[in-house]
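The lines below spell out each chain.
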Amino acid sequence: MFILSGKNYIMVAGPWAVLSRPFGHRRAADGYFTAAGGPDLRLFEGMFAMRITSGFNKGLLNNVHRLHFIGIGGSGMYPLVQILASKGYEVTGSDVNEGHIIEAERAMGIPVFMGHKPENIQGADMVVYSAAIHEENPELQAAHTHGVPCVERSVMLGYVCRLYQRSICVAGTHGKTTTTSLITTMLELAGRDPSAVIGGKLPLIGGYGKAGSGPSIVIEACEYAETFLRLAPAIGIVLNIDNDHLDYYGTLGQLKFAFKRFALLCSHTIVVNADDANTMQVMDSIDRDMRTFAIERRADYQAVGIREYKPGYFEFDVLEFGDPFAHIRLGAPGRHNIYNALAMVCCVRPLGLTPDDAARAAEHFRGAGRRFELKGEINGAAVADDYAHHPTELRATLETALKMGYKRVWAVHQPFTYSRTRMLLNDFAEVLQLADKVVLTPIMGSRELDDGSIKSEDLAAKIPGSVVVDSLAAAAEYIRQNAGPGDLVITLGCGDVYKASDLMVGLCG
């Protein structure tokens, strides 16, 4: 593989069909695909070159004064609303449910309509919609009818990314939210007032992101559907690459190729996990300034002297190119968070910060929302909620829980998507058996239709002693009847399983 001058193309031998995948639903406006839906390839000296730029349109908001957000109550929309409103754009929006995000937006003076109706877009110069909004949505239809430009959220995020001098974009299958939160915390406590777009709620800033006055923005860069390829990272981070979202990518090789293109978008530094074999395979041939971090291998930034200062909580020293650099004491539990903290430490020098800034952030940060978030108690048992929805994440969370001295650990798991459950069924079964007790709810299909080929009962059949319930309320009731003093109950999943933990501790009816 070779890089052309200007760093906009990667050279690949052979017919482009070898690299193609089913992109048919993507639009030419996505930038790195042709109108026919295939990769944008050019022929140079007998080799094909695939374009890796993200299709940024610097004139996207020319003559735009009023933006209307469909699905404005979503956690991914809220930071964009904050940032664009702070830049002087007039914002309106609509959603189907009230919530704390909509309350916050109304407190900013933003009109929010309940329900999706054609008249809601009246006066809008552009419509922004989330990936959850279907083409039949009446507001989208009205916008198309009246010639109002419409852009998906990830397109607008790519635009917002370029409004800042320094963009730090955190990618990886696992740990994105925590690492994005750690870097945001480091900048915030150092007085740099960053902007941020985070996949979980960070208590320090009171939400899923913020519009800061500083020159930096920290962005959680999601790999699903290649949305992270719309970004323009100054500093890019790849925490790990695991076999997820294969319903979209098809193969692990295609997923790795997307991460390679993400790395090639980085203009300053790419930060990577040297202990992760998939990541290092991807980064082997790129021509970017690279910083590595690791626990097991030699790396630019290496954790040494790791110890538990209390059950489940770790501290360690960081060596920078073999020399002492920082002492890190984690305020959030879990050995896996050592990697997330190391990624943060790698950003200290590029951001003009100090080792003390990193140490302060690590100790101050207690975790983001839905990341081993303690919710309360039931029958003397502690109740926590975690976003883990992949076997690797479940293992990290359960291993942390098992070290914390509880009498029994209950895993209340809501499988997320039929394709992931089917593809990783044996992996899920193996890791869930780490828990003392397992309660399974029905699979949350999300974007997928249920064809009847996989059910939670299929997973339960591989987990001795597990129980399947028919609803979140039933899961909460089962825990009420069976959990006891000294136990830990963890709800696990990226859907709405957190509602079961809320029911357990009486936070909602």
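What counts and how
- Residues numbered from 1 in each chain as written.
- Predicted model: local features only at pLDDT ≥ 70, side-chain atom pairs only at ≥ 80, totals over all residues.
- Heavy atoms only, no water.
- Axes fitted to C-alpha atoms, helices over the stretch in contact; angles between N-to-C directions.
- Helix = DSSP H or I, 4+ residues; strand = E, 2+ residues; numbered from the N terminus.
- Parallel < 35°, antiparallel > 145°, perpendicular 65-115°, else oblique.
- Contact = heavy atoms within 4.5 Å.
- Nonpolar A, V, L, I, M, F, W, Y, C, P; charged D, E, K, R; others polar.
- Buried < 20%, exposed > 50% of the residue type's maximum accessible area, 1.4 Å probe, protein only.
- Pairing = 2+ DSSP bridges.
- Phe/Tyr/Trp six-rings, centres within 6.5 Å; stacked < 30°, edge-to-face > 60°.
- Lys NZ or Arg CZ within 6 Å of the ring centre and 35° of its normal.

Novice: Looking at this model, I keep getting lost on the packing of helix H11 (residues 391–402) against helix H13 (residues 425–432). Mind explaining?
Specialist: Each pair of packed helices can be described by the angle between their axes along with the distance between the axes. It is the contact of H11 with H13, at a shortest axis distance of 9 Å, that shows an interaxial angle of 5 degrees. On the basis of their axis angle, the class for H11 and H13 is roughly parallel. Residues Pro391, Leu394, Arg395 and Leu398 of H11 form the contact with H13, whose participating residues are Asp427, Phe428, Glu430, Val431 and Leu432. Looking at the contact of H11 with H13, its residues break down into 6 nonpolar, no polar and 3 charged.

Novice: Would you take a moment to explain the pairing of strand E5 (residues 66–70) for this structure?
Specialist: Residues in a regular strand project their side chains so that they alternate between the two faces of the sheet. A large share of E5 lies buried, amounting to 5 of its 5 residues. The two faces of E5 match: Arg66, His68 and Ile70 on one face and Leu67 and Phe69 on the other face are all buried. In terms of strand pairing, E5 meets strand E6 (residues 90–95) through 5 bridges, oriented parallel. The partner of leucine 67 across the bridge, within E6, is valine 91. As paired elements, E5 and strand E8 (residues 126–129) share 4 bridges and run parallel to each other. Pairing of phenylalanine 69 across the sheet is with valine 128, part of E8.

Novice: Explanation requested: the packing of aromatic side chains in the structure shown.
Specialist: Each pair of aromatic rings is reported with the distance of its centres and the angle of its planes. Throughout the structure, instances matching the rule amount to 8 aromatic pairs. Pairing tyrosine 224 with tyrosine 248 gives two aromatic rings, centres 5.8 Å apart and planes at 55 degrees, and the pair type is tilted. Here the residue tyrosine 224 occupies a position in the loop between strand E13 (216–220) and strand E14 (235–238), and tyrosine 248 occupies one in helix H6 (residues 246–249), the gap between them amounting to 24 residues. Classification of tyrosine 224 as partly exposed rests on a relative accessible area of 24%. Centre to centre, the rings of tyrosine 248 and tyrosine 249 are 5.0 Å apart; their planes meet at 85 degrees, and the pair counts as edge-to-face. Ring-pair connections join several aromatic residues into one group, and the members of that group are Tyr224, Tyr248 and Tyr249. Residue placement shows lysine 87 over the ring face of tyrosine 164; its charged tip is 4.9 Å from the ring centre. Between arginine 371 and the ring centre of tyrosine 387, over which it is positioned, the NZ or CZ distance is 4.1 Å.

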